[in-house]
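Per-entry structural report
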Amino acid sequence: MLKLPVYLCSGTEHMKLTEILTADCIKVPLVASKKQEAIEELVGLLATHGKLTDEAAVLKAVLDREATRSTGIGYGLAVPHGKCAGCPRLCMAIGKPEAPVEFGSTDGKPVELIVLLASPPDQTGPHIQALARISRLMLMEEFRNQIIVAKSADAVFEIIRNHEP
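Parameters at a glance
- Residues numbered from 1 in each chain as written.
- Predicted model: local features only at pLDDT ≥ 70, side-chain atom pairs only at ≥ 80, totals over all residues.
- Heavy atoms only, no water.
- pLDDT = per-residue confidence, 0-100.
- Contact = heavy atoms within 4.5 Å.
- Buried < 20%, exposed > 50% of the residue type's maximum accessible area, 1.4 Å probe, protein only.
- Helix = DSSP H or I, 4+ residues; strand = E, 2+ residues; numbered from the N terminus.
- Pairing = 2+ DSSP bridges.

Looking at the protein as a whole, the pLDDT averages 90, with 92% of positions reaching at least 70. Low pLDDT, under 50, characterises residues 1-13; the predicted model gives this stretch 22 contacts beyond four residues in sequence or across chains.

This next bit is on the pairing of strand 6 (residues 113-119). Within strand 6, 7 of the 7 residues are buried, which leaves the element mostly enclosed by the surrounding structure. Burial of the side chains of strand 6 extends over both faces: Leu113, Val115, Leu117 and Ser119 are buried on one face and Ile114, Leu116 and Ala118 on the other. Of the strand pairs in this sheet, strand 3 (residues 77-78) and strand 6 are connected by 2 bridges, and their pairing is parallel. The residue of strand 6 that forms the bridge with Leu77 is Leu113. Direction of pairing for strand 4 (residues 81-83) relative to strand 6: parallel, over a ladder of 3 bridges. Note on strand 6: the bridge partner recorded for His81 is Leu117.

Here the focus is unusual backbone geometry. The amide bond that connects Val28 to the next residue, Pro29, takes the cis arrangement and shows omega of -5°. Examined against the element boundaries, Pro29 turns out to sit in strand 1 (residues 26-30). Even without being a glycine, Tyr75 presents a positive backbone phi close to 55°. Among the secondary structure elements, Tyr75 is positioned in the loop between strand 2 (72-74) and strand 3.

Moving on, we get to the environment of Ile114. In this structure, Ile114 sits in strand 6. Ile114 sits in the buried class, given a relative accessible area of 0%. Spatially, the C-alpha atoms of Ile114 and Ile94 are 5.6 Å apart, while their sequence positions differ by 20 residues. With residues up to four places along the chain from it excluded, the contact list for Ile114 reads Leu30, Ala38, Leu42, Ala78, Pro80, Ala93, Ile94, Gly95, Pro97 and Phe103.

Rendered as C-alpha coordinates:
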(Lines give C-alpha, C1' and ligand atoms only; values in the text may rest on other atoms or scores of the structure.)
Protein backbone atom coordinates (compact mmCIF):
# COMPACT_ATOMS: atom_id res chain seq x y z
CA MET A 1 0.00 0.00 0.00
CA LEU A 2 1.29 3.42 -0.95
CA LYS A 3 1.91 5.48 2.18
CA LEU A 4 1.66 9.17 1.45
CA PRO A 5 3.18 11.76 3.77
CA VAL A 6 0.51 13.66 5.71
CA TYR A 7 1.10 16.83 3.68
CA LEU A 8 0.13 14.94 0.51
CA CYS A 9 -3.22 13.83 1.90
CA SER A 10 -4.81 17.21 2.53
CA GLY A 11 -7.23 17.12 -0.39
CA THR A 12 -6.88 20.88 -0.82
CA GLU A 13 -5.02 20.84 -4.08
CA HIS A 14 -6.78 22.36 -7.09
CA MET A 15 -3.89 22.22 -9.51
CA LYS A 16 -4.19 20.30 -12.75
CA LEU A 17 -1.06 18.51 -13.87
CA THR A 18 -1.84 19.49 -17.45
CA GLU A 19 -1.27 23.12 -16.37
CA ILE A 20 2.41 22.34 -15.75
CA LEU A 21 2.98 19.40 -18.10
CA THR A 22 3.26 19.54 -21.87
CA ALA A 23 3.24 16.49 -24.16
CA ASP A 24 6.72 17.39 -25.44
CA CYS A 25 8.06 16.82 -21.90
CA ILE A 26 6.90 13.20 -21.88
CA LYS A 27 9.22 10.52 -23.25
CA VAL A 28 8.02 7.06 -24.18
CA PRO A 29 10.18 5.06 -23.97
CA LEU A 30 13.03 6.46 -21.91
CA VAL A 31 16.44 5.31 -23.14
CA ALA A 32 17.80 5.10 -19.59
CA SER A 33 17.98 1.81 -17.72
CA LYS A 34 19.34 3.13 -14.40
CA LYS A 35 17.98 5.64 -11.87
CA GLN A 36 20.57 8.41 -12.37
CA GLU A 37 20.41 8.05 -16.17
CA ALA A 38 16.62 8.38 -16.06
CA ILE A 39 16.84 11.53 -13.93
CA GLU A 40 19.48 12.98 -16.27
CA GLU A 41 17.33 12.16 -19.31
CA LEU A 42 14.24 13.84 -17.85
CA VAL A 43 16.11 16.95 -16.69
CA GLY A 44 17.61 17.12 -20.18
CA LEU A 45 14.12 16.91 -21.67
CA LEU A 46 13.01 19.91 -19.60
CA ALA A 47 16.13 21.83 -20.66
CA THR A 48 15.62 20.96 -24.34
CA HIS A 49 12.13 22.44 -24.21
CA GLY A 50 13.20 25.67 -22.55
CA LYS A 51 11.78 24.99 -19.08
CA LEU A 52 15.10 25.48 -17.23
CA THR A 53 17.62 28.31 -17.01
CA ASP A 54 20.36 26.12 -15.45
CA GLU A 55 20.17 22.42 -16.36
CA ALA A 56 23.22 21.48 -14.24
CA ALA A 57 21.83 23.18 -11.12
CA VAL A 58 18.46 21.45 -11.50
CA LEU A 59 20.12 18.07 -12.04
CA LYS A 60 22.23 18.60 -8.91
CA ALA A 61 19.16 19.61 -6.87
CA VAL A 62 17.22 16.50 -7.96
CA LEU A 63 20.15 14.14 -7.40
CA ASP A 64 20.89 15.72 -4.00
CA ARG A 65 17.26 15.23 -2.98
CA GLU A 66 17.32 11.63 -4.25
CA ALA A 67 20.46 10.95 -2.18
CA THR A 68 18.56 11.78 1.04
CA ARG A 69 15.79 9.25 0.40
CA SER A 70 14.53 7.38 -2.65
CA THR A 71 11.57 8.93 -4.41
CA GLY A 72 10.38 5.50 -5.55
CA ILE A 73 7.07 5.55 -3.67
CA GLY A 74 5.46 2.30 -4.78
CA TYR A 75 2.93 1.19 -7.39
CA GLY A 76 5.65 1.38 -10.03
CA LEU A 77 6.05 5.15 -9.54
CA ALA A 78 9.07 7.32 -8.79
CA VAL A 79 8.78 11.08 -8.37
CA PRO A 80 12.29 12.52 -8.32
CA HIS A 81 12.11 16.22 -7.56
CA GLY A 82 14.17 19.22 -6.64
CA LYS A 83 14.01 22.94 -6.06
CA CYS A 84 16.57 25.44 -7.23
CA ALA A 85 16.96 28.84 -8.87
CA GLY A 86 17.81 27.16 -12.19
CA CYS A 87 14.10 26.50 -12.65
CA PRO A 88 12.03 29.68 -13.10
CA ARG A 89 8.63 27.99 -12.59
CA LEU A 90 7.21 24.63 -11.59
CA CYS A 91 7.66 22.14 -14.41
CA MET A 92 7.31 18.43 -14.97
CA ALA A 93 8.73 15.72 -17.21
CA ILE A 94 7.48 12.15 -17.42
CA GLY A 95 9.28 9.09 -18.68
CA LYS A 96 8.21 5.51 -19.19
CA PRO A 97 11.29 3.31 -19.27
CA GLU A 98 11.39 0.53 -21.84
CA ALA A 99 12.02 -1.90 -18.98
CA PRO A 100 11.31 -1.24 -15.28
CA VAL A 101 14.11 0.66 -13.51
CA GLU A 102 15.40 -0.14 -10.02
CA PHE A 103 14.77 2.97 -7.92
CA GLY A 104 15.06 1.75 -4.33
CA SER A 105 11.28 2.00 -4.01
CA THR A 106 9.54 1.60 -0.67
CA ASP A 107 7.76 -1.53 -1.94
CA GLY A 108 11.00 -3.04 -3.28
CA LYS A 109 9.72 -3.12 -6.86
CA PRO A 110 11.24 -1.36 -9.89
CA VAL A 111 9.43 1.62 -11.41
CA GLU A 112 7.52 1.81 -14.67
CA LEU A 113 6.69 5.51 -14.55
CA ILE A 114 9.04 8.33 -13.56
CA VAL A 115 7.58 11.78 -12.95
CA LEU A 116 10.22 14.45 -12.42
CA LEU A 117 9.26 17.77 -10.83
CA ALA A 118 11.43 20.86 -10.65
CA SER A 119 10.55 24.20 -9.13
CA PRO A 120 12.10 27.39 -7.80
CA PRO A 121 12.79 27.44 -4.04
CA ASP A 122 9.90 29.86 -3.37
CA GLN A 123 7.16 27.64 -4.88
CA THR A 124 6.80 25.03 -2.14
CA GLY A 125 2.98 25.06 -2.18
CA PRO A 126 2.53 24.31 -5.89
CA HIS A 127 5.39 21.78 -5.72
CA ILE A 128 3.64 19.86 -2.93
CA GLN A 129 0.27 20.11 -4.72
CA ALA A 130 1.80 18.55 -7.84
CA LEU A 131 3.31 15.72 -5.77
CA ALA A 132 -0.11 15.13 -4.22
CA ARG A 133 -1.90 15.07 -7.60
CA ILE A 134 0.57 12.54 -9.02
CA SER A 135 0.31 10.35 -5.93
CA ARG A 136 -3.48 10.44 -6.00
CA LEU A 137 -3.59 9.43 -9.66
CA MET A 138 -1.29 6.48 -9.03
CA LEU A 139 -3.62 5.24 -6.29
CA MET A 140 -6.23 4.71 -9.02
CA GLU A 141 -5.89 1.22 -10.48
CA GLU A 142 -7.55 2.20 -13.77
CA PHE A 143 -5.06 5.05 -14.23
CA ARG A 144 -2.07 2.80 -13.46
CA ASN A 145 -3.26 0.12 -15.87
CA GLN A 146 -3.73 2.65 -18.67
CA ILE A 147 -0.33 4.25 -18.08
CA ILE A 148 1.43 0.87 -18.13
CA VAL A 149 0.13 0.07 -21.63
CA ALA A 150 0.51 3.61 -23.07
CA LYS A 151 2.77 3.52 -26.12
CA SER A 152 3.34 7.24 -26.76
CA ALA A 153 3.83 10.58 -25.06
CA ASP A 154 0.49 11.78 -26.45
CA ALA A 155 -1.25 8.72 -24.98
CA VAL A 156 0.27 9.38 -21.54
CA PHE A 157 -0.77 13.04 -21.72
CA GLU A 158 -4.35 12.11 -22.68
CA ILE A 159 -4.59 9.54 -19.88
CA ILE A 160 -3.54 12.22 -17.37
CA ARG A 161 -5.96 14.76 -18.86
CA ASN A 162 -8.84 12.23 -18.74
CA HIS A 163 -8.23 11.41 -15.07
CA GLU A 164 -7.95 14.96 -13.78
CA PRO A 165 -10.96 16.47 -12.02
